[in-house]
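# A look at the structure
Each chain, written out:
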Amino acid sequence: MGKNHQISQWFDLYSDAIYQFFIYRLGSSDVEDLVQEVYIRAIKSYDSFNGTASPKTWLYSIARHLTIDEIRKKQRNKWKDILSFNAFPEPTTERTPEYLVGLSEENTELIQAIHLLKQHHREILILRGISGLTTFETAQTLNWTENKVRSTYNRAKKALLEQLGGMNDD
């Protein structure tokens with residue numbers, strides 16, 4: 001079985017989950033290019049995949065690094081947008097991100113609350129709570145110990161509950 005065929009099989013299994021990971025992590029439904037980039041990077045770096053991680057956690061690791069790059073790029077472009085008066089561009093479609101991914105009001109509120117948390121809390125909640133990775137898979141994805149995953153996940157859940165409680169205080 002060739003590497004492209006193998007990666008295509010993995011991609012078929014996990015692309016929907018990775019798509020959801022990007023939506024929750026970046027707060028945007030415009031992530032199709034990033035999902036494709038995971039596939040491209042997986043093909044390019046297949047020879048470095050040594051099988052110590054599962055294909056699932058390996059693809060999530062690639063996706064995680066892409067989100068870090070994307071966030072940095074957005075931060076760099078934020079000032080450019082402000083200075084060029086494009087901070088609030090017109091939407092290119094009448095369909096909202098919520099419509100495109102079928103998000104309920106509760107899920108939209110959850111995404112907003114998650115984005116107000118610290119970065120490591122956001123990542124752990126998305127990987128463990130939303131994507132459903134096991135403690136072991138999350139540890140592999142983040143290159144953490146399982147104990148660190150468990151303790152950070154507990155703190156992140158508590159912070160999220162506090163954030164959600166605070167969002168209802170008008």
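For the structure itself, look to the data block above.
Description of the structure in this document. (Residues numbered from 1 in each chain as written. Predicted model: local features only at pLDDT ≥ 70, side-chain atom pairs only at ≥ 80, totals over all residues. Heavy atoms only, no water.)

The phi angle at Asn143 is positive, at roughly 60°, despite the residue not being glycine. Structurally, Asn143 can be placed in the loop between helix 7 (135–142) and helix 8 (146–167). (Helix = DSSP H or I, 4+ residues; strand = E, 2+ residues; numbered from the N terminus.)

With that out of the way, let us pick up the pattern of salt bridges. When charged atoms on two side chains of opposite charge get close, those side chains can pair. The tally for this structure, following the rule as stated, stands at 7 salt bridges. The partner of Arg64 in a salt bridge is Glu123, with the nearest N and O atoms 3.0 Å apart. Of the two residues, Arg64 sits in helix 3 (residues 55–83) while Glu123 sits in helix 6 (residues 119–130), which places them 59 residues apart along the sequence. Taking relative accessible area as the criterion, Arg64 reaches 14% and is therefore assigned buried. On the accessibility criterion, Glu123 (2% relative accessible area) is buried. As a salt-bridge pair, Glu70 and Lys73 come within 3.4 Å of each other at their nearest N and O atoms. Taken together, the residues Glu70 and Lys73, both in helix 3 and 3 residues apart, mark about one turn of the helix. Judged by its relative accessible area of 17%, Glu70 falls in the buried class. By relative accessible area, which is 37% here, Lys73 ends up partly exposed. Each of Arg25, Arg64 and Glu123 takes part in a single network of salt bridges with overlapping partners. (Salt bridge = Lys/Arg side-chain N within 4 Å of Asp/Glu carboxyl O. Buried < 20%, exposed > 50% of the residue type's maximum accessible area, 1.4 Å probe, protein only.)

Attention now goes to helix 7. Of all 8 residues that make up helix 7, 6 are buried, and the element is covered over most of its length. The complete set of buried residues in helix 7 reads Thr135, Glu137, Thr138, Ala139, Thr141 and Leu142. One or two residues past the end of helix 7 sits Asn143, with phi positive at roughly 60°.

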